[in-house]
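So you can see what is in the structure, the chains are spelled out below.
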Amino acid sequence: MTTATTIIRCPNCGHKNRVPVSARGRPRCGNCHKALPWIVNALDDSFAEIAENADPPVIVDMWATWCAPCRMVSPVLEQLATERAGDVKLVKVDVDRAPRLSSRFSVQAVPTLMVMHHGKVISRQAGAAPVEVLRRWFDDAMAKDARDEATADSGADKGRGSA
Ligand SMILES: [Zn+2]
């Protein structure tokens, strides 16, 4: 368990919050108690704990320092994380410092964006896109995730007793 923290400024009241990079639940502002945008960096060794074990859905931004489209998409993703505060965690991965993740997710181009929930990749997209496209992409992935979980639940009911 890492005890690393990051400072997140509350978009509602401006209060600076020290927030753990991985924790149960979803962070709220210590001052006004609104949900905070949760934006965290992860690398090979911390990805499982920060992204795969996260409670809210995760947008993974696989980016590189030398990539101009990454610099364009980064504020767009931060805007989304702010709009959907409490419902998403944004995890940024510098691919040059995370060779195992790059190979595991077969990242051929940057930025590569993924929606993950409870360790499962629900949707991925390569390349930058405007906020309205990425907002719809994320919301579509969430709708698909809800359908998949409903299907998994009914499947579990049928299989009850076999475990
Ligand atoms: Zn606040």
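Since the model is a prediction, treat every value here as computed from it, not as a measurement. (Residues numbered from 1 in each chain as written. Predicted model: local features only at pLDDT ≥ 70, side-chain atom pairs only at ≥ 80, totals over all residues.)

What follows concerns the overall build of the chain. Looking only at helices and strands, the chain has four helices and seven strands in total. Reading the secondary structure of the chain in the N-to-C direction produces β-β-β-α-β-α-β-α-β-β-α. Here the C-alpha radius of gyration of the chain, 16 Å, is about what a compact globule of 163 residues would show, namely 15 Å. By principal-axis analysis of the C-alpha atoms, the chain measures approximately 50 × 40 × 35 Å. A fraction of 57% describes how many contacts in the chain between residues 6 or more apart in sequence connect residues 24 or more apart. (Helix = DSSP H or I, 4+ residues; strand = E, 2+ residues; numbered from the N terminus. Rg over C-alpha atoms; globule rule 2.2 N^0.38 Å. Contact = placed C-beta atoms within 7 Å.)

On to the nonpolar core, then. One finds Ala51, Ile59, Val60 and Val91 to be the most contacted residues of the largest nonpolar core, which totals 39 residues. At the level of elements, strand S3 (38-41), helix H1 (47-52), strand S4 (58-63), helix H2 (68-83), strand S5 (89-94), strand S6 (112-117) and helix H4 (131-158) are the ones that each hand at least two residues to this core. In this structure Ile59 touches Leu77, Leu80, Val88, Leu90, Leu113, Val115 and Phe138, once residues within four positions along its chain are discounted. (Core = buried A, V, L, I, M, F, W, Y, C linked by C-beta atoms within 7 Å. Buried ≥ 20, exposed ≤ 12 C-beta atoms within 10 Å, placed from the backbone.)

Moving on, we get to the sheet that holds S5. Strand order in the open sheet formed by five strands is S3-S5-S4-S6-S7, with mixed pairing between adjacent strands. Both edges of this open sheet fall to S3 and strand S7 (120-126), since each of them pairs with a single strand only. Within the sheet, the average angular offset between the axes of one strand and its neighbour, ignoring direction, is 20°. Relative to S6, S4 runs antiparallel, the two being bridged by five bridges. Bridge assignment links Val60 to a residue of S6, and that residue is Met114. Against the sheet, H2 makes contact with S3, S4 and S5, and its axis sits at roughly 165° relative to S4, the strand it touches most. (Pairing = 2+ DSSP bridges. Axes fitted to C-alpha atoms, helices over the stretch in contact; angles between N-to-C directions.)

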